[in-house]
Amino acid sequence: MGKALIIGAGGVASVAVHKCVQNSDVFEEICIASRTKSKCDELKAKLDGGKTKITTAQVDANNVDELIALINEVKPDIVMNLALPYQDLTIMDACLATKTHYMDTANYEPEDTAKFEYKWQWEYRERFEQAGITALLGSGFDPGVTGVFSAYALKHYFDEIEYIDILDCNGGDHGYPFATNFNPEINIREVSANGRYWENGEWIETKPMEIKREYNFAEVGQKDMYLLYHEELESLAQNIPGLKRIRFFMTFGQSYLMHLKALENVGMTSIEPIEFEGKQIIPLQFLKAVLPDPASLGPRTVGKTNIGCIFKGKKDGQDKTYYVYNVCDHQECYKEVGSQAISYTTGVPAMIGAAMVLTGKWNKPGVYNVEEFDPDPFMEELNKWGLPWVEDFNPVLVDALPEEARE
Ligand code: NDP
């Protein structure tokens, strides 16, 4: 049916490539292109020989001209941006120049300021519309599936959703005192930033990790979780009509938090360049270089993730609550695709998002977040491709415990 150019060959791209090859009716041909071509070749060597034709290429995705030349050579129907958020705009520029559909899993972030905002990408709306091509933003798990869950809840169960809590729980254990489950630089930028949530039309800022709750997650158990800013809050606050509040919580263990605090205290998480032995280095990038490669965590990570959304709102004038979540087992993922669940839960929806565009189910010119499309076909595909979801119509709410019992 179609051809995809996949940019990036890291943890998420590796899972997406496995899944595209499994879904060969849709992905007849893929080209894997990244900064380090040997990683693309390794993936090809592992997966070649099936129905999907695989080619590889080298590209610097910060360079629009290089990207345009590659797109003109490969002639894909869609570019799947599974590189880093810093490359979103250059890849969108190249898609515009070549009139090629675009998708990604994370919003653009300038490399020198940790600022997660859709504004830069939303500014491309008219140009994509005029070019007659679709840009699908944030088709990972969170953002991604969390937006699809929200659209699905609104379509099937609510007249109005008033409250959304997104709960991202990783009950996995990799055995290291400190490691990040995906790109350390992106992960640490996210968790060391101030927290923020949206209530009654306003953003309320918190200090990093200031708001803590406990939750008993199905198949994982009781975990501490902390309020973070997460990029889907921005688009869902706009796209879910009548919303009063949306928050995002992520679980962290004590060891992770203790190490992060120490690294912060000594300046290792800073993105301000410093001079070291006559060379400018960014401490966070140096830290990334000494931490375990997330790709190496796969074989040693045991346990499960549980990510989902709790909704509270109204149906036929009555109060209603609804929780929809997915549980994913790190070892099962590793057995299937050679990666742990964090890359798996992102790579599978990336493949599904691209398939939605390629099959014409989610194809309208412009720039859209996942929740702006019909959630039903995407929800069906989640069940089919390894991320089945569970519904709970009487969930325990995040603030169920009285304030004094929370600490
Ligand atoms: P990795 O660091 O494992 O992989 C990134 C890949 O991009 C590497 O192959 C890297 O190449 C390549 N790359 C980086 N810069 C360039 C460049 N200038 N030109 C070409 N290729 C480049 O990251 P992940 O796979 O963990 O994450 C991929 C994306 O997924 C990120 O944007 C991340 O934010 C997002 N993500 C989204 C989630 C969601 O749920 N929505 C969850 C987790 C991640 P090289 O090998 O040379 O370094």
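Residues numbered from 1 in each chain as written. Predicted model: local features only at pLDDT ≥ 70, side-chain atom pairs only at ≥ 80, totals over all residues. Heavy atoms only, no water.

Caption draft 1: Geometry of the sheet that holds strand β6 (residues 134-137). Reading across the sheet, the 7 strands line up as β3-β2-β1-β4-β5-β6-β17 and stay open at both edges, with parallel pairing between neighbours. The open sheet terminates on both sides in strands that have one partner only, identified here as β3 (53-58) and β17 (366-369). On average, adjacent strands in this sheet sit at an angle of 20° to one another, irrespective of strand direction. In the sheet, β6 pairs with β17 via 4 bridges, with the strands oriented parallel. Bridge assignment links Leu136 to a residue of β17, and that residue is Tyr368. Relative to the sheet, helix α1 (residues 11-22) contacts β1 (2-7), β2 (27-34), β3 and β4 (78-81), its axis offset from that of β2 by approximately 160°. Against the sheet, helix α4 (residues 88-98) contacts β1, β4, β5 (101-104), β6 and β17, and its axis sits at roughly 165° relative to β5. (Pairing = 2+ DSSP bridges. Helix = DSSP H or I, 4+ residues; strand = E, 2+ residues; numbered from the N terminus. Axes fitted to C-alpha atoms, helices over the stretch in contact; angles between N-to-C directions. Contact = heavy atoms within 4.5 Å.)

Caption draft 2: Spatial organisation of the packing of aromatic side chains. Counted according to the given criterion, the structure contains 21 aromatic pairs. Taking the centre distance of 6.1 Å and the plane angle of 80° together, the rings of Phe141 and Phe149 count as edge-to-face. Just as Phe141 is buried, Phe149 falls in that class too. Summarising the aromatic geometry, the rings of Phe158 and Phe311 are spaced 6.3 Å apart at their centres and angled 55° between planes, so their arrangement reads as tilted. On the criterion of sequence distance, the pair formed by Phe158 in the loop between α7 (145-156) and β7 (160-170) and Phe311 in strand β15 (residues 304-315) is long-range, its members being 153 residues apart. (Phe/Tyr/Trp six-rings, centres within 6.5 Å; stacked < 30°, edge-to-face > 60°. Buried < 20%, exposed > 50% of the residue type's maximum accessible area, 1.4 Å probe, protein only.)

Caption draft 3: Up close: the site of the ligand. With respect to spatial proximity, 28 residues lie near the ligand, and among them Arg35, Thr36, Lys39, Ala61 and Asn183 are the closest. Phe141 places a polar main-chain atom, nitrogen or oxygen, 3.0 Å from an oxygen atom of the ligand. Computed on the free molecule, the ligand has an accessible area of 930 Å², of which 91% lies beneath the protein chains in the complex. Across the shell around the ligand, the residue classes tally to 13 nonpolar, 11 polar and 4 charged. (Near = heavy atom within 4 Å. Polar contact = N/O pair within 3.5 Å; in protein donor to acceptor, adjacent residues only side chain to side chain. Areas by Shrake-Rupley, 256 points an atom, 1.4 Å probe, with all protein chains shown as cover. Nonpolar A, V, L, I, M, F, W, Y, C, P; charged D, E, K, R; others polar.)

Caption draft 4: Focus on unusual backbone geometry. Residue Asp142 is joined to Pro143 through a cis peptide bond whose omega torsion reads 5°. Notably, Met209 is not glycine yet its phi reads approximately 60°, a positive angle. With respect to the element layout, Met209 can be found in the loop between β9 (202-206) and β10 (212-217). With a phi angle near 45°, Glu277 is a residue other than glycine that sits in the positive phi range.

Caption draft 5: Up close: the packing of α7 against helix α14 (residues 375-384). Running from amino to carboxyl end, α7 crosses α14 at an angle of 120°, the nearest separation of the two axes being 9 Å. On the basis of their axis angle, the class for α7 and α14 is oblique. Handedness of the α7/α14 crossing: left-handed. Judged by residue contacts, Val145, Val148, Phe149, Ala151, Tyr152, Lys155 and His156 of α7 engage Pro375, Asp376, Phe378, Met379 and Leu382 from α14. Classifying every residue of the contact of α7 with α14 by side-chain character gives 9 nonpolar, 1 polar and 2 charged. (Parallel < 35°, antiparallel > 145°, perpendicular 65-115°, else oblique. Left-handed = near helix turned anticlockwise from the far one by under 90°.)

Caption draft 6: Region of interest: the environment of Tyr108. Within the fold, Tyr108 resides in the loop between β5 and α5 (119-122). Taking the C-alpha atoms as reference points, Tyr108 and Ala16, separated by 92 residues in sequence, lie 20 Å from one another. Those residues in contact with Tyr108 that lie beyond four places of it in its chain are Pro85, Tyr86, Asp88, Leu89, Lys115, Glu117, Trp120 and Gln121.

Caption draft 7: Structural detail: the nonpolar core. Ranked by internal contacts, the top residues of the largest apolar core, which has 89 residues, are Phe27, Ile30, Met80, Phe149 and Phe311. For this core, the element with the most residues is helix α13 (residues 341-358), which contributes 11 residues. Each residue touching Phe311, except ones within four places of it in the same chain, is listed here: Phe149, Ser150, Ala153, Phe158, Ile161, Tyr163, Ile164, Lys320, Thr321, Tyr322 and Val324. Counting 30 residues, the second largest nonpolar core, distinct from the first, contains Val59, Cys95, Tyr102 and Tyr118. (Core = buried A, V, L, I, M, F, W, Y, C linked by side-chain atoms within 4.5 Å.)

Caption draft 8: Looking closely at the pattern of salt bridges. Under the definition given, this model contains 22 salt bridges. The shortest N-O distance in the salt bridge between Lys51 and Asp25 comes to 3.0 Å. A residue pair is termed long-range when its members are at least 10 positions apart, and Lys51 in the loop between α2 (37-47) and β3 and Asp25 in the loop between α1 and β2 qualify at 26 residues. A relative accessible area of 63% means that Lys51 is categorised as exposed. Of the charged contacts in the structure, one is a salt bridge between Glu29 and Lys53, with a shortest N-O distance of 3.8 Å. Linking Glu29 in strand β2 with Lys53 in strand β3, this pair joins segments that are 24 residues apart in sequence. Three or more residues are tied together by salt bridges with common partners; here these are Asp165, Arg213, Arg245, Arg247 and Asp399. (Salt bridge = Lys/Arg side-chain N within 4 Å of Asp/Glu carboxyl O.)

Don't take any of this as a statement about function, it's just geometry.
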